[in-house]
Amino acid sequence: MITFDGVTKRYADGTVAVDHLSLEVPTGEITVFVGPSGCGKTTSLRMINRMIDATEGRILLDGVDVKTIDPPTLRRGIGYVIQQAGLFPHRKIVDNVATVPHLLGWDRKKARDRAMELLERVGLDLKLADRYPFQLSGGQQQRVGVARALAADPPVLLMDEPFSAVDPIVRASLQEELLRLQAELNKTIVFVTHDIDEAVKLGDRVAVLRVGGHLAQLDAPSTLLARPADDFVREFLGRDRGIRRLSFVTDEGVRLRTDLTVPASAEISSVRDTAEPWLAVVDEENRPLGWVSVKDLPESGTLADARPAPYGTFVRGRDSLRAALDATLLSPSRSAIAVDDSGRVEGVATREALDEALDKVAGGAGA
Amino acid sequence: MVAGEGVGVNWLIDFFGDPANWSGPDGIPVRLLEHLQFSALSLLLAVLIALPLGLWIGHTGKGALFAVLSANAARALPTLGLLVLIVLLMGVGTDIPVLIPLVALAVPPILVNTYEGIRGVDPELRDAAYGMGLRGGQVLGRVLVPVALPLILLGLRIAAIQVVSTATVAAYVGLGGLGRFIIDGLATKDFPRTIGGAVLVALLALAVQLGFTFIQRLVVSPGVSERQAVR
Ligand SMILES: Nc1ncnc2c1ncn2[C@@H]1O[C@H](COP(=O)(O)OP(=O)(O)O)[C@@H](O)[C@H]1O
Ligand SMILES: [Mg+2]
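Computed from a predicted model, the values in this text were never measured in an experiment.

Description of the interface of chain A and chain B
Listed as interface residues are 26 residues of chain A and, on the opposing side, 25 residues of chain B. The junction of chain A with chain B conceals about 2,300 Å² of combined surface from both sides, 59% of it contributed by carbon and sulfur atoms. There are 2 salt bridges connecting chain A and chain B. Here A:Arg46 and B:Asp127 are joined by a salt bridge, their closest N and O atoms 2.7 Å apart. Where chain A packs against chain B, one counts 7 residue pairs in polar contact (both at pLDDT 80 or more). Where the side of chain A that touches chain B is concerned, the elements lending two or more residues are α2 (71–76) and α4 (99–103) of chain A. For the side of chain A that touches chain B, the element with the most residues is α2(A), which contributes 4 residues.

Details of the pattern of salt bridges
Opposite charge on two side chains permits pairing when their charged atoms draw close. All names here are of chain A. Following the criterion strictly, the structure yields 30 salt bridges over all chains and no others. Across the pair glutamate 56 and arginine 10 runs a salt bridge whose closest N-O atoms are separated by 3.4 Å. Placement of glutamate 56 in strand β4 (residues 56–61) and of arginine 10 in strand β1 (residues 2–10) is noted, with a sequence separation of 46 residues between them. For glutamate 56, a relative accessible area of 32% corresponds to the partly exposed category. Arginine 287 is the partner of glutamate 285 in a salt bridge, and the nearest nitrogen-oxygen pair spans 3.2 Å. Judged by relative accessible area, arginine 287 falls into the partly exposed class, the value being 28%. Linked through salt bridges whose partners overlap, the residues forming this network are Arg121, Arg143, Glu177, Arg180 and Glu184.

Considerations on the nonpolar core
Judged by nonpolar contacts, the single largest core of 47 residues is most densely connected at A:Ile2, A:Phe4, A:Ile48, A:Ile59, A:Leu158 and A:Val190. Among the elements that make up this core, the one with the highest residue count is helix α7 (residues 136–166) of chain B (7 residues). For A:Ile48, the contacting residues outside a window of four places in its chain are A:Ile2, A:Phe4, A:Ile59, A:Val66, A:Leu74, A:Ile78, A:Leu158 and A:Val190. Listed in part, the 46 residues of the second largest apolar core include A:Ala85, A:Leu136, A:Leu178 and A:Ala216.

A closer look at helix α2 (residues 28–60) of chain B
Residue and element names in this part refer to chain B. Taking 1.5 Å as the rise per residue, α2 with 33 residues should run 48 Å; its terminal C-alpha atoms sit 47 Å apart, in good agreement. In the structure, α2 departs most strongly from a straight axis at valine 47, where the bend amounts to approximately 30°. Positive backbone phi, at 75°, marks glycine 61, one or two positions downstream of α2.

Observations regarding the pairing of strand β16 (residues 345–349) of chain A
Residue and element names in this part refer to chain A. Extensive coverage of β16 is indicated by the burial of 4 of its 5 residues. The sheet contact formed by strand β15 (residues 336–339) and β16 spans 4 bridges and is antiparallel. Residue pairing in the sheet places alanine 338 in a bridge with glycine 347 of β16. Taken together, β15 and the strand that follows it, β16, pair antiparallel across an intervening segment of 5 residues, in which glycine 343 is found at a positive phi of about 85°.

Quick look at the sheet that holds β1(A)
All names here are of chain A. Judged by pairing direction, the sheet is antiparallel, and its 4 strands sit side by side in the order β2-β1-β4-β5 without closing on themselves. On the outer flanks of this sheet lie β2 (16–25) and β5 (64–65), each paired with one strand and no other. As defined by bridge partners, β1 adjoins β4 across 5 bridges and the pair is classed as antiparallel. In the sheet register, isoleucine 2 faces β4, and the bridge partner there is leucine 61. Sheet contacts for helix α1 (residues 41–48): β1, β2 and β4; angle to β1, the most-contacted strand, approximately 120°.

A word on the confidence of the model for chain B
Here chain B averages 87 in pLDDT, and 93% of its residues register 70 or above. Interface scoring of the predicted complex returns ipTM 0.85; its pTM is 0.82.

Topic: the packing of helix α6 (residues 138–150) of chain A against helix α7 (residues 168–185) of chain A
All names here are of chain A. At a minimum axis separation of 10 Å, α6 and α7 run at an interaxial angle of 20°. Relative to α7, α6 is oriented roughly parallel. Crossing handedness for the pair α6 and α7: right-handed. The segment α6 lies against α7, with Gly139, Gln142, Arg143, Val146 and Leu150 engaging Val170, Ser173, Leu174, Glu177, Leu181 and Leu185. Per-class residue counts for the contact of α6 with α7 are 6 nonpolar, 3 polar and 2 charged.

Brief notes about the sheet that holds strand β9 (residues 205–210) of chain A
Residue and element names in this part refer to chain A. If you walk across this open sheet you meet the 6 strands as β6-β7-β8-β3-β9-β10, and the pairing is mixed. Edge positions in the sheet fall to β6 (78–81) and β10 (214–219), since each has one partner strand and no second. Adjacent strand axes in the sheet meet at a mean angle of 15° when their direction is disregarded. Two elements, β9 and β10, share 5 bridges in a ladder whose sense is antiparallel. Paired with valine 206 across the strands is aspartate 219, a residue of β10.

Some points on the site of ligand 1
All names here are of chain A. Looking at ligand 1, the residues that line it are Tyr11, Asp13, Thr15, Ala17, Ser37, Gly38, Cys39, Gly40, Lys41, Thr42 and Thr43. Interatomic distance of 2.7 Å between a side-chain N/O atom of threonine 42 and an oxygen atom of ligand 1. Ranked by residue count, the leading element in the shell around ligand 1 is α1, at 3 residues. Across the shell around ligand 1, the residue classes break down as 3 nonpolar, 6 polar and 2 charged.

Some words on a nonpolar patch on the surface
All names here are of chain B. Taken together, Leu85, Leu89, Met90, Ile96 and Ile100 make up a surface patch of nonpolar side chains, about 490 Å² in accessible area. Among the secondary structure elements, those contributing two or more residues to the nonpolar patch are α4 (79–90) and α5 (96–119). At 3 residues, the largest contribution of residues to the nonpolar patch is made by α4. Here isoleucine 96 is to be found in helix α5.

Let's talk about the layout of surface pockets
Of the volumes computed, that of the largest pocket is approximately 470 Å³. In this structure, the largest pocket is lined by 15 residues; those nearest its centre are A:Leu179, A:Val200, A:Lys201, A:Leu202 and A:Phe248. At the level of secondary structure, the elements contributing two or more residues to the lining of the largest pocket comprise α7 and α8 (196–202) of chain A. Taken together, the residues that form the lining of the largest pocket break down as 7 nonpolar, 3 polar and 5 charged. In this structure, the second largest pocket is lined by 13 residues; those nearest its centre are A:Leu87, A:Pro89, A:Pro133, A:Gln141 and B:Leu125. Elements that contribute at least two residues to the lining of the second largest pocket include exactly α6 (123–132) and α10 (222–225) of chain B. Per-class residue counts for the lining of the second largest pocket are 6 nonpolar, 4 polar and 3 charged.

Conventions we followed
Residues numbered from 1 in each chain as written. Chains lettered and ligands numbered in written order. Predicted model: local features only at pLDDT ≥ 70, side-chain atom pairs only at ≥ 80, totals over all residues. Heavy atoms only, no water. Contact = heavy atoms within 4.5 Å. Buried area = accessible area lost by both parts, 1.4 Å probe. Salt bridge = Lys/Arg side-chain N within 4 Å of Asp/Glu carboxyl O. Polar contact = N/O pair within 3.5 Å; in protein donor to acceptor, adjacent residues only side chain to side chain. Helix = DSSP H or I, 4+ residues; strand = E, 2+ residues; numbered from the N terminus. Buried < 20%, exposed > 50% of the residue type's maximum accessible area, 1.4 Å probe, protein only. Core = buried A, V, L, I, M, F, W, Y, C linked by side-chain atoms within 4.5 Å. Expected span 1.5 Å × (residues − 1). Bend = angle between axes of the 7 residues up to and from the residue. Pairing = 2+ DSSP bridges. Axes fitted to C-alpha atoms, helices over the stretch in contact; angles between N-to-C directions. pLDDT = per-residue confidence, 0-100. Parallel < 35°, antiparallel > 145°, perpendicular 65-115°, else oblique. Left-handed = near helix turned anticlockwise from the far one by under 90°. Nonpolar A, V, L, I, M, F, W, Y, C, P; charged D, E, K, R; others polar. Near = heavy atom within 4 Å. Patch = residues over 30% accessible without salt bridge, like charges linked within 9 Å, V, L, I, M, F, W, Y side chains within 5 Å. Areas by Shrake-Rupley, 256 points an atom, 1.4 Å probe, with all protein chains shown as cover. 1 Å grid on protein atoms, 1.4 Å probe; cavity = no way out; pocket = protein on both sides within 12 Å on 5 of 7 lines; lining within 4 Å. Points joined across faces, edges and corners; volume = space filled by probe spheres on them.

In structure tokens:
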């Protein structure tokens, strides 16, 4: 656990970058510091590994004041990832990753093996190990930066806008990768970003800072989106806060109907008289084939003879309410098909059922 | 064929073709060796002074103004004037009179390029190095120097070429070197000798240039020079 205890940073020119910050970063979780440019995120982060020393207050690492630890020793036990990766241009990728193990005096072979293992872990082609940094793309360099920070297996990882300089598609994949890694490694991560979407996507908890280095709110992303503490936070979260919030609501509250699915082998005559305008057709393995409009069905034959309209699905128990809502927009029936992990249909979420679920969310938000 | 050109080539054939010029205390090998000795010694002294100073100033950021000012001052010194002055003060007979102006000549390019090279390393890189837990000396030795190496070598090369070309002045105070051919040739109107000496100095400067190109290839990481690694 990292504890900020009344931490203030006043720079030589009088700028107060961080003002009496007190908060806790729980072990094994990702805590995101987010806020507009200049609000003191980087300063707060760098006080943890003493790249900057606090003017007042204490920062405790599992109860030990970082000021009592010699900075290089402290830093070797804390992974640090920065925006431009900061790889050493004169060293091969594998040697870059092995930097801290070398400093810690591991023998060459062990350090190299460890570096190769990490390159693989962060999803890099091992063919790149003997290249130099300039031969890698920005996204690849950033992966190396993460591997290097993890090389000596530090319990704590500090990341300062590590994905800000890469294009959105690469950024999304780096974010996924980080979440996947974290699920395996359970590091204590402090992640700095100015991008609220990134904060909400990655953080177990999100600390919103306002300019002048004040903590505006510290909460889980869903709470943050549901109940912003004040106007500053509300504004910072942006317009589509309501929709984004649905990403954190599970689909479990959505009532499913099982009477709207029919097998493709069924005779058309057997469904002709139903009151429902749309039916979901499934194959013999219970996988979705599409929607059929009852009034447009052919005169005779089976449902396999009807031309199915497009459909959208969500994975029951795994996807969010947002995904379920999104799935309704993909089909003319305006209903979403719920499937299990292996893609078999569990039922249909109609618009009425989703409305009920949304009502519950809005009710939970208080106002 | 242009007349002057023919004469020049003939002079060179006269000079280099004469076996007498290849032996004895006034022969090409001995003079070349003398020349190399002065040059190497001056360069070594300059490196010992300028390299640590440049590294220290670049790394700590302290004394940068001092470095630039004194380097400019040293650059403005007239080498020959300084030599004559020193000889007047100290007399002939030792190597020192030659060494001082040559060292003064070699210090500025080494000092300034080393300092600029270290200072010019991307601050993000320096930051990352400290962030990994390297200590000050390790940051300098393991990161800053390897990255600044092309510029440091450039300073050394400029210094070496200037020293090799300027070491001709040793002849003025009777200390030998390739300059002797030039001075003696002028004094006795033996133009083949003068031209031959000048050509030897030029060839030596060229050799130094080639030598540094080779050293650069050898010691600068392909990751820094951004040559595609051979694979
Ligand atoms: N070395 C410094 N000297 C003076 N002021 C600084 C220094 N570094 C940062 N600041 C100021 O401190 C404030 C917070 O900076 P920073 O922590 O970098 O913000 P962020 O990372 O949130 O953009 C800003 O106003 C910035 O201008
Ligand atoms: Mg910042």
